[in-house]
Structures are given as structure tokens and as C-alpha cells.
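What the coordinates show
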Amino acid sequence: MQCNTLWLIPARGGSKGIPDKNVRPFLGRPLVCRAVDQALECRQPGDTVFVSTDSEKIRAAAATCGDVVPFMRPDSLATDTASSYDVIMHALSEFANRGKHFDRVALLQPTSPLRTADDIRAAIDLWSRDVDMVVSVCEASANPYYNAFETDSEGLLHISKGDGHYTRRQDAPKVWEYNGAVYIMTVESLMKGPMSGFSKILPSPMPASRSIDLDTPTDWKIAEILMS
């Protein structure tokens, strides 16, 4: 299916868990560059790769991969409270002002360094104009049918979902969680409102071994060991 894709890599400068993580060398290269490389590898003619950032340091690092920061993200979208949706809509609006329009947005977070180009292509292949979003997932570590519990009004534990009769995890329905690696979103759906309102979402499974998200220095060390 031929369509124009905005490959969006969100990379703000402020980072508390891992200071300057987007420009910190991950196995020798700034972290943001890995996501840029993957976007450049997967893009098709007519696509645009864009790093959305408020940081000149990130802009300089990304520029070593190509002309991928034609404009900066405003400071108002560089805070802890700024939503991904606002960042996406800012990018779409700025490109529209420059005469560029897109059918879908492929969002690749730099903090998923174990994601592969094949993981991205698998999500892209699932996308169609009939869905709101394709999102990468991994099997959840806790299953509400098997080993996730809630407390009742008396403070007693009971299984979160179902009748509690599953005695083997493999017999319980599979439960997925977003792993933050790949989001393929339909622009027409985005124009109607945030992703929380999407109803047609397809999962693109990834193994847990490639689903690590960099939030802490420990995550970073584990990811580098796995990549090595």
C-alpha cells in the first residue's frame, strides 16, 4: 500500500532517570541515532524522518545521520506533562504549513534500543487505513486470569478477571502490554482526537527480550549487555 509516512522520533532534552539519555552513547553512538538509523532504513519514497526535540545537543547528534530536524519543538512541549499526542499534532501542523501531508505517523521512541528494523516492518505490514493504530506489544508479565489479584471490600485477595479456575498460565487467555517500541498511527484518526480514544488497535507482538525500555541506569546496563 503506497502512502506517505511521517517517521517521528520524540527526543526531548530533559531527562531525570538517565540524564541526557538521548545523546548518551549506547554502544558507542548517541541513543537517538539508533532510532534515526532504523527510520531511515525503513522509510519509503515520499516519507519524512523527523526528530522532534527542544535540545540543540540532540539536534546536533541527530544531524550526524541526516537532515532530520528541520524545526525545533517549542518549550511548552518539552515538559514532563507534555503528551505524545500534542507532540505528534505539533509535528503534523508544522509540516502541513510547509506543504507536507501524511497518511500515517510511525513513532519510534529512542528508549527502545533493542527494537529491530524487522519489528518495525512487521507493524507497518499490519497497518491499513481501516485501523486507528498498530502498536508493538509483548506478553504481559502478570496475567489477570492467572496471577494478578485485586482486594475486595474486606481486603481479601481474589483473581482480577475470570473465575480463577486456570491452573496453568499457558491455558489462560494471552494478555498483552504496550512495550513502547513502535506506534503506527493513522493521521485521519489522530485528527479526531488522542490515542486514548482509539477503538481499532492491532497488536504487533515482540518478544520480551527486545521490549526493554530505558528508564533507569540499570535498564541501560541490561540493554547494552543484551545488545552485545
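The rules behind the values
Residues numbered from 1 in each chain as written. Predicted model: local features only at pLDDT ≥ 70, side-chain atom pairs only at ≥ 80, totals over all residues. Heavy atoms only, no water. Helix = DSSP H or I, 4+ residues; strand = E, 2+ residues; numbered from the N terminus. Rg over C-alpha atoms; globule rule 2.2 N^0.38 Å. Buried < 20%, exposed > 50% of the residue type's maximum accessible area, 1.4 Å probe, protein only. Contact = heavy atoms within 4.5 Å. Areas by Shrake-Rupley, 256 points an atom, 1.4 Å probe, with all protein chains shown as cover. Lys, Arg positive; Asp, Glu negative; His and termini not counted. Charge placed at Lys NZ, Arg CZ, Asp CG, Glu CD. Arc of directions from axis to C-beta. Pairing = 2+ DSSP bridges. Axes fitted to C-alpha atoms, helices over the stretch in contact; angles between N-to-C directions. Polar contact = N/O pair within 3.5 Å; in protein donor to acceptor, adjacent residues only side chain to side chain.

Our next topic: the overall build of the protein chain. Of regular secondary structure, the protein chain possesses 6 helices and 10 strands. Against the compact-globule benchmark of 17 Å for 228 residues, the protein chain has a radius of gyration of 19 Å, which places it among compact chains. With the C-alpha coordinates aligned to their principal axes, the bounding extent of the protein chain is approximately 55 × 40 × 35 Å. Counting only residues that meet the buried cut, the protein chain has 44% of its 228 residues in that class. A separation threshold of at least 6 residues defines the contact pool for the protein chain, and within that pool the share at least 24 residues apart is 73%. Summing over all exposed atoms, the protein chain offers an accessible surface of approximately 11,700 Å²; the carbon and sulfur share of this is 50%. In the protein chain, 24 positive and 29 negative side-chain charges are present, and the distance between their average locations comes to 5 Å.

Turning next to helix 4 (residues 117-126). Among the residues of helix 4, Ala 117, Asp 119, Ile 120, Ala 123 and Ile 124 are the ones counted as buried. Across the axial projection of helix 4, the buried residues extend over an arc of 160°, all falling on one side. Summarising the geometry of helix 4, the exposed residues directed more than 90 degrees from the buried face are Asp 118 and Asp 125.

Within the open sheet, the 6 strands sit side by side as 4-1-5-9-6-10. Their pairing is mixed. Either end of the sheet is taken by a strand with one partner, and the two such strands are strand 4 (48-52) and strand 10 (201-205). On average, each strand axis in the sheet is inclined to that of its neighbour by 30°, with strand direction left out of account. The strands that helix 3 (residues 84-97) touches are strand 1 (5-10), strand 4, strand 5 (104-108) and strand 9 (176-186); relative to strand 1, the one it contacts most, it runs at about 130°.

Another point: helix 2 (residues 56-63). Those residues of helix 2 not exposed but buried are Ile 58, Ala 61 and Ala 62. Within helix 2, the buried residues cover an arc of 95° as seen down the axis, which keeps them to one side. Packed against the buried residues of helix 2 are strand 3 (29-30), helix 1 (31-42) and strand 4. Where helix 2 begins, the capping side chain belongs to Ser 55, and its oxygen is found 3.2 Å from the backbone nitrogen of Lys 57.

So, about the side chain of Thr 186. Within the secondary structure layout, Thr 186 lies in strand 9. A polar side-chain atom of Thr 186 sits 2.6 Å from the main-chain carbonyl oxygen of Val 131. With residues up to four places along the chain from it excluded, the contact list for Thr 186 reads Asp 103, Arg 104, Trp 127, Ser 128, Arg 129, Val 131 and Asp 132.

Don't take any of this as a statement about function, it's just geometry.
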